[in-house]
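# Structural overview
The residues making up each chain are set out below.
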Amino acid sequence: MSGLRIACVGEAMVELTIDRPERQIGFAGDTLNTAIYLARALGDAGTVEFVTVLGKDALSDRMEDFIASEGVGVSRIRRDTNGKLPGIYSIAVDAAGERSFSYWRNQSAARTLFADGFAQLEGCDLIYLSGITLAILPPEVRAALLAHLSGHGARIAFDSNYRPRLWEDQVTARATMETAWRITDIGLPSVDDEMALFGDADAAGVLARMHAFGVTEGALKQGAAGPLPLGEALSPDITFPKASRVVDTTAAGDSFNGAYLGAKLAGHNEAECLMAAHNQAAEVIGHPGAIIPKLM
């Protein structure tokens, strides 16, 4: 699998953590988080690059430096020349580790992604994106991107990551996500997102719909209950341990996705991929913030 070229596509944001004096400014975003954890998991089996648009400001410079420092390529990052800046969000975490967010992103540079075409995706073997990637794009660019991906030739990995406030309405979100799922090779849905968007009654309903869409490879995330494979069921003696502590659930799903893809692309079997992903997410939620220090 050496030489794989992987592009993670989406929005990177400035992360403000007001209750952490030691680190009040960081950088994160769902597909960026996945890119970082994927690069850590993949090792020498391939290269991971981040595809986005940043501004020409000091925070954008620092963000690009941070991305590069995490072993993620930055050659596919475009810089906006019309004064746009990165989006910003702040995190508040409650006593149970559940987080809430406040966003300033409506005019972010990333919303101009692919306004000038799809050259940033050339030469990729696998393209990872999310429902947030799709939601922030203008409708005409969103549709053009999905059409481009359907004939691109790269494998597509997708996480719906449904955030209702980003979409025009639920009908648009549902239609767009279905189109995305139908061109997906590796699916990484979360059961709560899928049930909220499509009205599935339970995990079995989500799995049945995924199969109807043609998605039979990947993982259905269920939080502490542990993941389910989208393909053949695991042996019943395989169980997933719960996290020993929960400090901050930020990036739980993103880190799961990165570890799962890294293990899969490195050639591990499905049980190993799911366990590596579950364990990575359990480790991440035991620390504050989206990106935890590298384990030595």
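Refer to the structure above for everything that follows.
Here's what I pulled together on the structure shown here. (Residues numbered from 1 in each chain as written. Predicted model: local features only at pLDDT ≥ 70, side-chain atom pairs only at ≥ 80, totals over all residues. Heavy atoms only, no water.)

### Thoughts on the overall build of the protein
When helices and strands are tallied, the protein shows 9 helices and 13 strands. For the protein, the C-alpha radius of gyration of 18 Å lies close to 19 Å, the compact-globule estimate for 296 residues. Projected onto its principal axes, the C-alpha positions of the protein cover 55 × 45 × 40 Å. A total of about 12,500 Å² of accessible surface is found on the protein, and carbon and sulfur atoms cover 54% of it. (Helix = DSSP H or I, 4+ residues; strand = E, 2+ residues; numbered from the N terminus. Rg over C-alpha atoms; globule rule 2.2 N^0.38 Å. Areas by Shrake-Rupley, 256 points an atom, 1.4 Å probe, with all protein chains shown as cover.)

### A few points about the environment of Leu207
Within the secondary structure, Leu207 sits in helix H7 (residues 203-213). A residue is classified by how much of its surface remains accessible, and Leu207, at 16% relative accessible area, is buried. Here the alpha-carbon distance between Leu207 and Ala196, two residues 11 residues apart in the chain, equals 14 Å. Not counting the four nearest positions on each side in its chain, Leu207 is found in contact with Leu220, Leu228, Pro229 and Leu230. (Buried < 20%, exposed > 50% of the residue type's maximum accessible area, 1.4 Å probe, protein only. Contact = heavy atoms within 4.5 Å.)

### Examining the pattern of salt bridges
Evaluation of the coordinates by the stated rule reveals 16 salt bridges. Ionic pairing is found between Lys264 and Glu270, a salt bridge with its closest N-O pair at 3.1 Å. What makes Lys264 buried here is its relative accessible area of 15%. In the salt-bridge network here, residues are joined through shared partners; they are Arg155, Glu217, Lys264 and Glu270. (Salt bridge = Lys/Arg side-chain N within 4 Å of Asp/Glu carboxyl O.)

### Things to note about the packing of helix H6 (residues 191-198) against H7
Interhelical geometry of H6 versus H7 gives an angle of 75 degrees and a closest axis separation of 10 Å. Taken as axis vectors, H6 and H7 run roughly perpendicular relative to one another. Contacts from Val191, Glu194, Met195 and Phe198 of H6 reach H7 at Ala203, Val206, Arg209, Met210 and Phe213. Classifying every residue of the contact of H6 with H7 gives 7 nonpolar, no polar and 2 charged. (Axes fitted to C-alpha atoms, helices over the stretch in contact; angles between N-to-C directions. Parallel < 35°, antiparallel > 145°, perpendicular 65-115°, else oblique. Nonpolar A, V, L, I, M, F, W, Y, C, P; charged D, E, K, R; others polar.)

### Topic: the packing of aromatic side chains
Enumeration according to the criterion identifies 6 aromatic pairs in this entry. With 5.2 Å between their ring centres and 40 degrees between their planes, Phe114 and Phe118 make a pair best called tilted. Residue Phe118 is classed as buried on the basis of its relative accessible area of 18%. Judged by centre distance (4.8 Å) and plane angle (80 degrees), the ring pair of Phe158 and Trp181 falls under edge-to-face. Linking Phe158 in strand S10 (residues 155-159) with Trp181 in helix H5 (residues 170-182), this pair joins segments that are 23 residues apart in sequence. Its relative accessible area of 0% is what places Trp181 among the buried residues. Cation over ring: Arg209 sits above Phe198, and NZ or CZ is 3.8 Å from the ring centre. (Phe/Tyr/Trp six-rings, centres within 6.5 Å; stacked < 30°, edge-to-face > 60°. Lys NZ or Arg CZ within 6 Å of the ring centre and 35° of its normal.)

### Observations concerning the sheet that holds S10
What the 5 strands build is an open sheet, ordered S4-S1-S9-S10-S11; its pairing is parallel. The two strands at the open ends of the sheet, each matched to only one other strand, are strand S4 (46-51) and strand S11 (186-187). When strand S1 (residues 4-9) meets strand S9 (residues 126-130), the two strands line up parallel, connected through 3 bridges. Counterpart to Ile6 in the pairing with S9 is Leu126. Against the sheet, helix H1 (residues 30-42) makes contact with S1, S4 and S9, and its axis sits at roughly 170 degrees relative to S4, the strand it touches most. (Pairing = 2+ DSSP bridges.)

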